[in-house]
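So the chains spell out like this:
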There are 2 protein chains.
Amino acid sequence: MASTSSLNLSQALLARAISSNGSTHSSDHRVSLSAPSFSGLKLTTLRSSASRRFLPTRSNQSLRVRAAAVQTVGTAADTSLVEKSINTIRFLAVDSVEKANSGHPGLPMGCAPMGHILYDEVMRYNPKNPYWFNRDRFVLSAGHGCMLQYALLHLAGYDSVQEDDLKNFRQWQSRTPGHPENFETPGVEVTTGPLGQGIANAVGLALAEKHLAARFNKPDNEIIDHYTYCILGDGCQMEGVANEACSLAGHWGLGKLIAFYDDNHISIDGDTEIAFTENVDERFKGLGWHVIWVKNGNTGYDEIRAAIKEAKAVKDKPTLIKVTTTIGYGSPNKANSYSVHGSALGAKEVDATRENLAWPHEPFHVPEDVKGHWSQHVQQGASLEAEWNAKFAEYEKKYKEEAAELKLIITGELPTEWEKALPTYTPENPADATRNLSQQNLNALVKVLPGFLGGSADLASSNMTLLKMYGNFQKDTPEERNLRFGVREHGMGAICNGIAHHSPGLIPYCATFFVFTDYMRAAIRISALSQAGVIYVMTHDSIGLGEDGPTHQPIEHLASFRAMPNVLMLRPADGNETAGAYRAAILNRKTPSILALSRQKLPQLPGTSIEGVEKGGYIISDNSSGNNPDVILIGTGSELEIAAKAADELRKAGKAVRVVSFVSWELFDKQSDAYKESVLPAAVSARVSIEAGTTFGWERIVGSKGKAIGIDQFGASAPAGKLYNEFGLTPEAVVAAANELC
Amino acid sequence: MASTSSLNLSQALLARAISSNGSTHSSDHRVSLSAPSFSGLKLTTLRSSASRRFLPTRSNQSLRVRAAAVQTVGTAADTSLVEKSINTIRFLAVDSVEKANSGHPGLPMGCAPMGHILYDEVMRYNPKNPYWFNRDRFVLSAGHGCMLQYALLHLAGYDSVQEDDLKNFRQWQSRTPGHPENFETPGVEVTTGPLGQGIANAVGLALAEKHLAARFNKPDNEIIDHYTYCILGDGCQMEGVANEACSLAGHWGLGKLIAFYDDNHISIDGDTEIAFTENVDERFKGLGWHVIWVKNGNTGYDEIRAAIKEAKAVKDKPTLIKVTTTIGYGSPNKANSYSVHGSALGAKEVDATRENLAWPHEPFHVPEDVKGHWSQHVQQGASLEAEWNAKFAEYEKKYKEEAAELKLIITGELPTEWEKALPTYTPENPADATRNLSQQNLNALVKVLPGFLGGSADLASSNMTLLKMYGNFQKDTPEERNLRFGVREHGMGAICNGIAHHSPGLIPYCATFFVFTDYMRAAIRISALSQAGVIYVMTHDSIGLGEDGPTHQPIEHLASFRAMPNVLMLRPADGNETAGAYRAAILNRKTPSILALSRQKLPQLPGTSIEGVEKGGYIISDNSSGNNPDVILIGTGSELEIAAKAADELRKAGKAVRVVSFVSWELFDKQSDAYKESVLPAAVSARVSIEAGTTFGWERIVGSKGKAIGIDQFGASAPAGKLYNEFGLTPEAVVAAANELC
């Protein structure tokens, strides 16, 4: 990285994004970004002129408003062209849904005005490099309305959404799937659809900007300076995760977060009157937001512009712009009803809508003047990025060290030899809880990884997640790296997804008790699906937590995450394995990792290693020869010690016993057949596993003839040792099972 | 039931509660309710007299206030006795936590005043029959403070919490576990601890009261008339589920829900300033609640009383009483800090606290005057219940039909021959989606089950959950049975837990897309743990939903619930199996059921039956003899059809093929070994399973030599048929796998 010049930083990032495309879910032809020729771009001045810009406005007042709103980009359109552009967006959505005979036309039709103003007049982005670092971020939290976003990306000149892509909406391997997916469509920042997630992601994106700006900006060079915009609907507003995240956004004073609430009074079940009559404005004021109401979101373009201007002027609070719209605006018979929410309009109603909005064009048609107007964004975007690159070059000259750090965050490259920071242990080191060993790792990693930050959902002192070198990220101390999420697990996970998707080198971790992954499972699934390498630090991982009882004791959770695609579920047994788990987590930037950690002390076991963890399952001790032990004992986490103790007993009785640590099923699964056979030889069917969780799934490892020891009922409230004995998680039980098998 | 007289309705219910005690988690000696002798109770008038009641008050104003607050129960204590009682509560908590060296003393010390006033002056209950139907309900949403509740139950005379139980706090098989558990401790209404759940349960309890009152009360006989009280803390306030449920409570106008917000400014991470600075009052006003602030919750007893009086006077809104308290009140060195939240005070600080509060008594001591005062509640409770029984006798005389229905709701008995309402199908019936077949069942069941009610999280028309005979449960139409939850899955689940725990005969169902169980998993786990027989109607259960794409397509969800204890996970394949799934769900009142239902049409298969579903796994077709087929094909839900088609092909090729429907693993697991062998003979290792979900866990069924066909990655956005082909979920794949094995 040291040799990367500032001008080609973006190119490096773009190339990286393209090369990292070989993920589980993206087939080659699904994303075919053509790398732009940066050398061809010139730092031309923007084409706009004051006289042209203001020509078409209707009043002096709106003149002033628009002047402010459009300050960041080029030539504004006159009102008739604005309306034409908005109708273009509406019909691209209508036509795509119609062709797919599936999708959600209602939102794009209602939100087209705010969408147009955002992408044409307000937002700063470079369509030919969707990964330009200092771009404004946009999140469509109401993800079902994705045709709005696809239409905007199409008009703005993103290569990812071309006319053919619109025509392939919701089809196999298209770049325009049924909900926005960042891993399919460059230009989409995060994966949305499950309601409420997107606004929480937006909070994470805005947090990332505020944090990085505080760390890296200089009085003479504000190298980080972008807004985060979001559109959310009534459904998002009802979801608890949205309230959690918005409460934090207010607390943190995320002034550059501007959320548009598409207030259309319609959800799938009909008018929101039947289930949603709260006063959203009042709630958001209570949450510490600035609230603006645009009463005419359908045609009140200047109202929208004025609201954005006002929002930008409020620097210490996030802003909610409630925009009252008509769902399905333009459809004469279906607008303002749930029937336009999630189905194609039907040929007849499409015709009626064309007539109603005076739109004589063929499906998918973009009028030439609209096309011409939007075409400015390619050059403008290139200019914006080039200007920023020049600014970065200045920055780099003057602030060499900071620039080097920032580059790591921008590109996601890991510093050389970062792994040397990981602590190692010998059996002579004192017994300790893996949650404490985790804290040693967190504090070691934060010293070498500039993008490492995180925190707990009000359990920092139980999860052991405080970064001792740093203070708390707060409204007035945003440069700090300890995040304090309060008791908001779901919001925490979704915010971390936003942080992870802000920059490849931001590595967020978050923590709670393992059982409370139930609260945030929807966010964890989005991490997995959207390839966000969030690190979930989950302590109190079994009945070993003791007296708090069954409400706090995870039973089914290990299995439930082993069953989830693209998750690294790690359950380290001691210090070396905890370090190995963090190593795996840091290296897997497109896979979330979940570390299940103990509350109780565990010994440093002979034979464990960071390298072993890399394999997922490995031998920690063996007194057999010829890869043919009498019995294989398999343990994870806190039960590996029990397996080791049982092995001692069995060996005393003359058995040849292998002990295998099975710290991560997913990592083991990636190993070669030869390696797997070297650990779990097919010929040895005498296998006993022990894990303080459900036995569900363990047949895969121990086979039909093996025996899985676990706990297939809820736990109980009592001291941990008592529980282990009563539920039969003991060396004696392992010895007995082994003796039955060999 | 027809012969049950009104007076012994309570006895029947109590007996039922005792007999149903043989649940998974309660050992015999854990709950040993001694059945009270009802014949010995007399309908004596309450012992209070106006002159005695008002003697000890301090001012005319407080006189009036208290007169209102204590209107429902007997003799009020004078202020010094009130203080003594409050300190008794505090020290019972302190001493229990100290003896266990584990637990949370801070909340009980701070909330003792409101706890005392509620249980001694306000609430109507019968300690000798915790299941008396018309009791006021109390929920400690901040469940970690359970010693508050145990101390109150102890003082009030509940048999479930005696001195020995306090001394066994948090010990193996005690009735005083680390968080309140309804299945361990009669007098505890719901299981709390995971924050935010309790307040949502309270919304469900209050909804149940409002609904039943609207259906059964008569102008001359208000047979249902109780309040629901709840204490929640800062942690609960931060959780999204609480906001979801409270938004609904406001929408529904649950005027008899009164929640105390223990505003102590401390959570585990320290002062709430670090993560929770929103204006809660304003948010709750926005949610449609009446909000009162008691500024001195530590000693402002009359303030608390006045607030309750005011709350009761507001009949169209729920009330939040924000009570500002000091966590750990009385502890000179630890009060008002997080250190008193979740650990024993330590001997030295206990001594200091005793000195500070002038409490010279031994641990666990209840002063005689306090004991004497509280002893009135046994007789008062008996009187309250006896009065109500007399009222019910009147009701029964006059409103025979309604009384019979209400009795079923109170006792949980199912009407005779209810099962005859379930629809059955033949292969000649048209193909249909199981979500539609589910709706036929819902509408059939609501006709015969008086306590059946439910709804969807804004997907009624997709989940197909509307009860056609009924309107919407709303503020002004609470007698209706369609619940409209809005897009609030988590709140929905937790509210349904509350409804289920209100009365044994209330059977709530709730619905969303199967993938969104991720949003409500914490509530589903509480259903399972607390033995709430909620029915989860989960449609769109696989990639078969098509174009909405991977954010909406469940992959790991079947496995994740099969791994959860005490859940019936059901995936019916057609009409008969859907009816069978509902039959199992209705019969298992102490186990939540999750029905995974298809969006797409499925044929009515030959061989399926309601009786088959009862067994969990059963043979739907077989051309082998001697229990020795060449291969066993196993399918669930929408893939059973694929297995059947593959069998046809294989049979044409001369194979002896058995097809097994594996609709519920848990029900199959309960069958005899002989039955299991008759379906899956150990000698037949050639087994192929097919299910449109993860293969994780299927080794248990197909064995090491079998083959599980499924989908171990995220889905995609495309038409359903395309997805089935692309992901290899086809008869051809099953035939190929079978041919490899036999």
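Residues numbered from 1 in each chain as written. Chains lettered and ligands numbered in written order. Predicted model: local features only at pLDDT ≥ 70, side-chain atom pairs only at ≥ 80, totals over all residues. Heavy atoms only, no water.

1. Let's talk about the pattern of salt bridges
Pairs can form between side chains of opposite charge whenever their charged atoms are close. Residue and element names in this part refer to chain A. Short version of the rule: Between Lys or Arg on one side and Asp or Glu on the other, a salt bridge is scored when a side-chain nitrogen of the former is within 4 Å of a carboxyl oxygen of the latter. Numbered from the N terminus, helices here are DSSP runs of H or I no shorter than four residues, and strands are runs of E no shorter than two. Partly exposed describes any residue whose relative accessible area lies between the buried limit of under 20% and the exposed limit of over 50%, with all areas from a 1.4 Å probe on protein chains only and scaled to the type maximum.
Applying the stated criterion across every chain, the model contains 68 salt bridges over all chains. Here R305 and D302 are joined by a salt bridge, their closest N and O atoms 2.7 Å apart. A residue pair is termed a helical-turn pair when its members lie 3 or 4 positions apart in one helix, as R305 and D302 do in helix α12 (residues 301–313) at three residues. Accessibility expressed as a relative area gives 1% for R305, which makes it buried. Accessibility expressed as a relative area gives 15% for D302, which makes it buried. When salt bridges with common partners are traced through the structure, they connect E121, D302 and R305 into a single cluster.

2. Side note on the sheet that holds strand β13 (residues 568–570) of chain A
Residue and element names in this part refer to chain A. Inclusion rule: Criterion used throughout: strands pair if DSSP finds at least two bridges between them. Axis lines are fitted through C-alpha atoms, for helices just across the contact stretch, and the angle between N-to-C directions can take any value from 0 to 180 degrees. The contact definition used throughout considers only heavy atoms, calling two residues in contact when any of these lie within 4.5 Å.
Ordered in space as β10-β9-β11-β12-β14-β13, the six strands form an open sheet in which the pairing is parallel. The outermost strands of the open sheet, each flanked by one partner alone, are β10 (482–484) and β13. Sheet twist, expressed as the average angle between the axes of neighbouring strands with direction ignored, equals 20°. Bridge count for strand β9 (residues 452–456) against β10 is three bridges, and the pairing is parallel. Its bridge partner lying in β10, G454 is registered against N482. With respect to the sheet, helix α20 (residues 517–530) is in contact with β11 (507–513), β12 (535–539) and β14 (593–596), its orientation differing from that of β12 by roughly 160°.

3. Describing the pairing of strand β17 (residues 631–635) of chain B
Residue and element names in this part refer to chain B. The condition that has to hold: For a crossover, the right-handed case is the one in which the path from the first strand over the helix to the second runs clockwise, viewed with the strands pointing away from the viewer.
In terms of burial, β17 is largely enclosed, as five of its five residues are buried. Judged by which residues are buried, β17 turns out to be covered on both faces: V631, L633 and G635 on one side and I632 and I634 on the other are all buried. In terms of strand pairing, β17 meets strand β18 (residues 657–662) through five bridges, oriented parallel. Within β18, the position partnered with I634 by the bridge is V660. With respect to chirality, the unit in which β17 leads through helix α24 (residues 640–652) into the neighbouring parallel β18 is right-handed. As paired elements, β17 and strand β19 (residues 687–690) share four bridges and run parallel to each other. Bridge pairing in β19 links I634 to S689.

Interpretation in functional terms is not warranted from these geometric data alone.
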